[in-house]
Amino acid sequence: MPGGRKRRPIRLRFSNPPYPLAARPSEVQAVFEEIRDFIMPPGRQSEIIDWSNPRLPEVSDYFDAGAEWWGVFLFGIFIPSMRRLTIIAGSTTD
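I will try to describe carefully the structure that is included in this document. (Residues numbered from 1 in each chain as written. Predicted model: local features only at pLDDT ≥ 70, side-chain atom pairs only at ≥ 80, totals over all residues. Heavy atoms only, no water.)

Taking strand neighbours across the sheet as the criterion, the three strands line up as E1-E2-E3 in an open arrangement whose pairing is antiparallel. Since the sheet does not close on itself, it has two edges, and those belong to strand E1 (47-50) and strand E3 (84-91), each with one partner. For this sheet, the mean angle separating the axes of adjacent strands, direction not counted, is 15°. As paired strands, E1 and strand E2 (residues 72-79) are joined by four bridges and run antiparallel to one another. Note on E2: the bridge partner recorded for Glu47 is Phe78. On the sheet, helix H2 (residues 25-39) packs against E2 and E3 and is oriented at approximately 140° with respect to E3. (Pairing = 2+ DSSP bridges. Helix = DSSP H or I, 4+ residues; strand = E, 2+ residues; numbered from the N terminus. Axes fitted to C-alpha atoms, helices over the stretch in contact; angles between N-to-C directions. Contact = heavy atoms within 4.5 Å.)

Rendered as C-alpha cells:
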C-alpha cells in the first residue's frame, strides 16, 4: 500500500476538518478525548500506522474527491492486548 508506515498525530486531522464542529473549543476537546479513549484505551499500548498518501485514489475511488480538495487520510490503530484493529479514513470535497 502507498504511504508506508509513518507515525503522525491523529489529533491534527480531528482538529482541522473542512467543516468545523459548531461547538466551543472545550466541547470539541471533550469529544476528541472521548473518541480517542474509546479507540485507544488509556493504559493500553497502541500502534498507529499512517497510510495517508496523495496516491490513495489509486487504491480506492473513495479517496478521489478528497484528493482534489481537503486531502485524504487513512490510519490503522492496533491495540495488541485487545487484538483490536480500528481503521479511520477520510476524504471530502465541497
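What follows deals with the pattern of salt bridges. As enumerated under the stated definition, the model contains three salt bridges in all. Residue Glu27 is joined to Arg24 by a salt bridge in which the shortest nitrogen-to-oxygen separation is 3.6 Å. Relative accessible area serves as the criterion here: at 34%, Glu27 is assigned to the partly exposed category. For Arg24, a relative accessible area of 53% translates into the label exposed. Ionic pairing is found between Asp37 and Arg36, a salt bridge with its closest N-O pair at 3.0 Å. Residue classification places Asp37 among the partly exposed residues on the basis of a relative accessible area of 31%. (Salt bridge = Lys/Arg side-chain N within 4 Å of Asp/Glu carboxyl O. Buried < 20%, exposed > 50% of the residue type's maximum accessible area, 1.4 Å probe, protein only.)

Mapped onto the elements of the fold, Asp50 is located in strand E1. Polar contacts involving the side chain of Asp50 include one to the side chain of Ser52, which spans 2.6 Å. (Polar contact = N/O pair within 3.5 Å; in protein donor to acceptor, adjacent residues only side chain to side chain.)

The next point concerns the pairing of E3. Note: E2 against E3, eight bridges, orientation antiparallel. Bridge assignment links Ile77 to a residue of E3, and that residue is Thr86. Hairpin connection from E2 to E3: four residues lie between these consecutive antiparallel strands, with Arg83 at a positive phi of about 55°.

Turning our attention to the environment of Pro41. Tracing the backbone shows Pro41 in the loop between H2 and E1. The class for Pro41 is buried, based on a relative accessible area of 15%. With residues up to four places along the chain from it excluded, the contact list for Pro41 reads Arg36, Ile79, Met82 and Arg84.

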